[in-house]
Structure formats: structure tokens, C-alpha cells
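# Analysis of the macromolecular model
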Amino acid sequence: MDEFKPWGMQTNTFLMLMHLSQLSSFIVPGAGFVLPIVMWATNKDESVEVDRHGRVILNWMLSALIYSVICVALMLVIIGVFLLWALVLLNLIFVIIAAVNANDGKLWPYPLSIRFFSIPDAS
């Protein structure tokens, strides 16, 4: 029986890279939004785990986007600058924790994440 290998990788490695791909925006602006979505969309129908992790990532990315807009609006009263830096730091920490857990075969829902997409139970 052939084991599914997304993009030719072990599933846990792919899931870890899917989480870490959010950090690619530090190098190429916008890539941190596009790359995880492409990785999820191209493999979600083949693997329940890829679908589950992808939904967790999408929930976090949309939540972080909303929080960023709020921080930018709050920059008018200066506190938004500090909140935006805190959000960047939290994003970095959350992505690393989620990636380590994914590599260990665990799904780690990002704290502070709004549930836009439901996360199906593991089968």
C-alpha cells in the first residue's frame, strides 16, 4: 500500500513546512499568505491531516489579518504600534510551536484564533 506523500515529502514534514511557510512573508511580501493556501489547496482532498492543519492555519491567518487592521487603526492613539509588534512576535511564536507540534504528528490550534473554518475530527 502506498502512503500519501504530499509534494514528495513525509506528511509530518509537509505539515511542518505548511505552518512555517507563513514566515515566508518576511522574505517575499505576501508569500506567507499565498504559500500555505497553495500547499493546503493542492493536498486537502488527499489527506485529512493536511485539511485539518490547513484550516487551522487559515483561521489564524484571517484572525491575524483582522487583529492587524485593528492595530493599524489604534496607531492613531499610539498603542497600536505596541500591539502590532506584539502581534508580530505572537505570530512568530505561534507558527514555530505549531510547526514543532505538526512535525510530532499533533494538531495545535493557534490561541486567539477565530474559528472561521471548522476543524474536522481526525479519522
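Scroll up to find the structure this text is about.
The structure reproduced in this document is the subject of the present report.

About the thresholds
Each chain carries its own residue numbering, running from 1 in the direction its sequence is written. Reporting in this predicted model follows two pLDDT cut-offs: at least 70 for local features of residues, and 80 or more for side-chain atom pairs to be given and counted; totals over whole chains, interfaces and linings ignore these cut-offs and use all residues. Side-chain numbers here rest on the full set of heavy atoms in the structure, without hydrogens or water. Secondary structure elements are taken from DSSP: a helix is a run of H or I of four residues or more, a strand is a run of E of two residues or more, and numbering for both begins at the N terminus. Computation of the radius of gyration draws on C-alpha atoms alone. For the globule rule, the value is 2.2 Å times the number of residues to the power 0.38. Here the term buried applies to any residue with accessible area under 20% of the maximum for its type, exposed to any over 50%, and partly exposed to those in between, with areas from a 1.4 Å probe on protein chains only. Throughout, a residue-residue contact means that at least one pair of heavy atoms, one from each residue, lies within 4.5 Å. Residue exposure ignores everything except the shown protein chains as possible cover, and the areas themselves are Shrake-Rupley values with a 1.4 Å probe. Counting rule applied: Lys, Arg positive; Asp, Glu negative; His and chain ends not counted. Charged groups are reduced to one reference atom each: NZ for lysine, CZ for arginine, CG for aspartic acid, CD for glutamic acid. Within this document, salt bridges are pairs made up of a side-chain nitrogen of Lys or Arg and a carboxyl oxygen of Asp or Glu, the two lying within 4 Å of each other. Among buried residues, the Ala, Val, Leu, Ile, Met, Phe, Trp, Tyr and Cys ones that are joined through side-chain atoms within 4.5 Å form a nonpolar core. To obtain each axis, a line is fitted to C-alpha atoms, and for helices this fit is confined to the stretch in contact; angles are then taken between N-to-C directions over 0 to 180 degrees. Relative orientations are named as follows: roughly parallel for angles under 35 degrees, roughly antiparallel for angles over 145 degrees, roughly perpendicular for angles from 65 to 115 degrees, and oblique for any other angle. Crossings are assigned a handedness: left-handed for a near helix turned anticlockwise from the far helix by less than a right angle, right-handed for a clockwise turn. Amino acid classes used here: Ala, Val, Leu, Ile, Met, Phe, Trp, Tyr, Cys and Pro are nonpolar; Asp, Glu, Lys and Arg are charged; the rest, including Gly, are polar. Note on aromatic pairs: the rings of Phe, Tyr and Trp (six-membered ring only in Trp) are paired at centre separations within 6.5 Å, and the planes decide the class, stacked below 30 degrees, edge-to-face beyond 60, tilted for the rest.

## Looking at the overall build of the chain
Regarding its fold elements, the chain presents four helices and zero strands. The globule rule puts the C-alpha radius of gyration for 123 residues at 14 Å, and the 15 Å found for the chain is close to it. The principal-axis extents of the C-alpha atoms in the chain amount to approximately 60 × 30 × 20 Å. Looking at the chain as a whole, 34% of its 123 residues qualify as buried. Restricting to contacts in the chain with at least 6 residues of sequence separation, those with at least 24 account for 63%. Only carbon and sulfur atoms are counted for the fraction: they give 70% of the accessible area of the chain, which is about 7300 Å². Between the centroid of the 6 positive side chains of the chain and the centroid of its 8 negative side chains there is a distance of 7 Å.

## A look at the pattern of salt bridges
Overall, the coordinates contain two salt bridges when judged by the stated rule. In this structure, the salt-bridge partner of Glu 49 is Arg 52, at a minimum N-O distance of 3.1 Å. On the criterion of helical spacing, the pair formed by Glu 49 and Arg 52 is a turn pair, its members being three residues apart in helix H3 (residues 48-74). For Asp 51, the salt bridge is made with Arg 55, and the minimal N-O distance between the two is 3.2 Å.

## Section: the nonpolar core
By size, the foremost hydrophobic cluster in this structure holds 20 residues, and its most contacted members are Met 18, Val 50, Trp 60 and Tyr 110. Counting residues per element, the ones that place at least two in this core are helix H1 (11-20), helix H2 (31-41), H3 and helix H4 (79-103). Here this core takes seven residues from H3, the largest share from any one element. For Met 18, the residues in contact, after removing those within four places along its chain, are Pro 36, Met 39, Trp 40, Val 50, His 53, Gly 54 and Ile 57.

## Some details on the packing of H1 against H3
Interaxial distance between H1 and H3 falls to 10 Å at its minimum, and their mutual angle equals 15°. On the basis of the axis angle, H1 is roughly parallel to H3. When the axes of H1 and H3 are compared, the crossing they make is right-handed. Counted together, Phe 14, Leu 15, Met 18 and His 19 of H1 and Glu 49, Val 50, His 53, Gly 54 and Ile 57 of H3 form the full contact between these two elements. Across the contact of H1 with H3, the residue classes break down as five nonpolar, three polar and one charged.

## Regarding the packing of aromatic side chains
Overall, the coordinates contain six aromatic pairs when judged by the stated rule. An angle of 70° between the planes, with centres 5.2 Å apart, marks the rings of Trp 60 and Phe 94 as edge-to-face. Of this pair, Trp 60 sits in helix H3 while Phe 94 sits in helix H4, placing them 34 residues apart in sequence. The pair formed by Trp 60 and Phe 94 is uniform in burial state, with each residue classed as buried. Judged by centre distance (6.5 Å) and plane angle (80°), the rings of Phe 94 and Tyr 110 are edge-to-face. One end of the pair, Phe 94, is in helix H4; the other, Tyr 110, is in the segment after H4, and 16 residues separate them in sequence.

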